[in-house]
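Reading the structure
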Amino acid sequence: MKALLTLSIVAIALALVGCGGLSSSPKMDVTIGGKTNSYAIKDAKMMKLQQGSGDNAKAQYQIHLATFELTKTSDVSKPLTENGQAVISIEVYDKTGTTRDSVPTPTTFPAKSNDFAEASFGSVFISYVEDGKLIRKTPADFSADNKDKDGSVKFTSVSGDTVTGEADLKITDKITLKGNFTAKIVGKEF
């Protein structure tokens with residue numbers, strides 16, 4: 001009887017994990033200036049853009065993670081007003097030869113990249129409200145040489161119009177991002 005009960009509990013746990021019941025919800029931990037904020041991601045969109053053309057074209061993916069619903073493209077840059085609101089935008093570039101029409105695939109985008117032909121991390125933009133104050137951080141705030149960047153962004157799976165991935169980035173001693181996401185793949189706008 002004990003063995004049957006144990007097997008039943010294991011089966012239920014595996015079923016819950018398979019349908020997302022026990023898996024972790026998308027969240028991103030952002031550390032700026034030594035202070036970490038953890039954001040539960042309520043909505044995420046990945047825009048497909050392109051850098052360059054012809055043989056030098058590269059697909060550019062902008063992953064927008066928000067603590068609220070993103071209903072239109074302009075929501076990414078709207079002024080946030082409530083404590084705890086945040087938008088985290090991560091930009092990555094696919095390898096040369098891809099375009100905005102290419103289908104994304106599971107890929108690692110390393111923060112340190114000296115080969116412009118390969119997939120690579122681009123930049124990060126962060127807007128959040130803390131103590132009633134809107135704070136925006138742009139790539140200029142985190143400018144760093146390759147030697148001052150570490151980690152990567154990964155697309156762990158792509159299925160239909162959904163990309164699942166994770167970020168584990170450190171840019172100088174100014175910022176770290178660590179967490180996971182599931183984003184709807186959209187075109188140049190949503």
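Provided above is the structure to which this section pertains.
In this text, all values refer to a predicted model and were calculated from it rather than measured experimentally.

Overview of the environment of Lys147
Within the element layout of this structure, Lys147 appears in the loop between β8 (133-137) and β9 (149-159). A residue is classified by how much of its surface remains accessible, and Lys147, at 63% relative accessible area, is exposed. Sequence-wise, Lys147 and Ser113 are 34 residues apart; in three dimensions their C-alpha atoms are separated by 9.7 Å.

Overview of the packing of aromatic side chains
In this structure the tally under the stated criterion is four aromatic pairs. Their ring planes at 80° and their centres at 6.4 Å tell us that Tyr61 and Phe109 sit as a pair that is edge-to-face. With Tyr61 in strand β4 (residues 58-66) and Phe109 in strand β6 (residues 107-110), this pair connects stretches of sequence that are 48 residues apart. Geometrically, the ring pair formed by Tyr61 and Phe155 is tilted, given 5.7 Å between the ring centres and 50° between the ring planes. Taken together, the residues span a long stretch of sequence, with Tyr61 in strand β4 and Phe155 in strand β9 at a distance of 94 residues. A network of ring pairs unites the aromatic residues Tyr61, Phe109 and Phe155 as a single cluster. When the ring centre of Phe68 is taken as origin, the NZ or CZ atom of Lys78, which lies over that ring, is 4.5 Å away.

Structural notes on the side chain of Glu130
Within the secondary structure layout, Glu130 lies in strand β7 (residues 120-130). What Glu130 contacts, discounting residues up to four positions off in sequence, is Lys35, Asn37, Asn83 and Ile135.

Structural notes on the nonpolar core
Membership of the largest hydrophobic core comes to 35 residues, with the highest contact counts inside it found for Ile88, Ile90, Val124, Ile126 and Leu177. Put simply, the parts of the chain that give this core at least two residues each are β1 (27-32), β3 (43-51), β4, β5 (86-96), β7, β9, β10 (162-171) and β11 (175-186). Looking at this core, the element that brings in the most residues is β11, giving five residues. In this view, Leu177 contacts Met28, Asp29, Val30, Ile88, Ile90, Val124, Ile126, Ala167, Asp168 and Leu169; residues no more than four positions away in its chain are not counted. Among the nonpolar cores identified, the runner-up in size contains seven residues, and Leu70, Val76, Val87 and Val129 belong to it.

Side note on the environment of Phe121
For Phe121, the position within the fold is in strand β7. On the accessibility criterion, Phe121 (7% relative accessible area) is buried. Counting along the chain gives 27 residues from Phe121 to Asp94, while the straight-line C-alpha distance between them is 8.8 Å. Apart from the residues lying within four places of it in its own chain, the contact partners of Phe121 are Ile90, Glu91, Val92, Phe109, Pro110, Ala111, Val153, Leu169 and Ile171.

Describing the environment of Ile185
Here Ile185 lies in strand β11. Between the C-alpha atoms of Ile185 and Ile63, which are 122 residues apart in sequence, the distance is 8.9 Å. Discounting chain neighbours no more than four positions away, the residues touching Ile185 are Met46, Lys48, Pro104, Val158, Gly160, Asp161, Thr162 and Val163.

Overview of the pattern of salt bridges
Following the criterion strictly, the structure yields five salt bridges and no others. For Asp29, the salt bridge goes to Lys27, with nearest N and O atoms at 3.5 Å. Its relative accessible area of 39% is what places Lys27 among the partly exposed residues.

Digging into the pairing of β11
Alignment of β1 against β11, held across five bridges, turns out to be antiparallel. Residue pairing in the sheet places Thr31 in a bridge with Thr176 of β11. Where β3 and β11 come together, three bridges link them in parallel fashion. If you follow Met47 over to β11, its bridge partner there is Val186. As defined by bridge partners, β10 adjoins β11 across ten bridges and the pair is classed as antiparallel. The partner of Asp168 across the bridge, within β11, is Lys178. What sits between the antiparallel neighbours β10 and β11 is a turn of three residues, in which Thr172 has the positive phi angle 45°.

Rules of the game
- Residues numbered from 1 in each chain as written.
- Predicted model: local features only at pLDDT ≥ 70, side-chain atom pairs only at ≥ 80, totals over all residues.
- Heavy atoms only, no water.
- Helix = DSSP H or I, 4+ residues; strand = E, 2+ residues; numbered from the N terminus.
- Buried < 20%, exposed > 50% of the residue type's maximum accessible area, 1.4 Å probe, protein only.
- Phe/Tyr/Trp six-rings, centres within 6.5 Å; stacked < 30°, edge-to-face > 60°.
- Lys NZ or Arg CZ within 6 Å of the ring centre and 35° of its normal.
- Contact = heavy atoms within 4.5 Å.
- Core = buried A, V, L, I, M, F, W, Y, C linked by side-chain atoms within 4.5 Å.
- Salt bridge = Lys/Arg side-chain N within 4 Å of Asp/Glu carboxyl O.
- Pairing = 2+ DSSP bridges.

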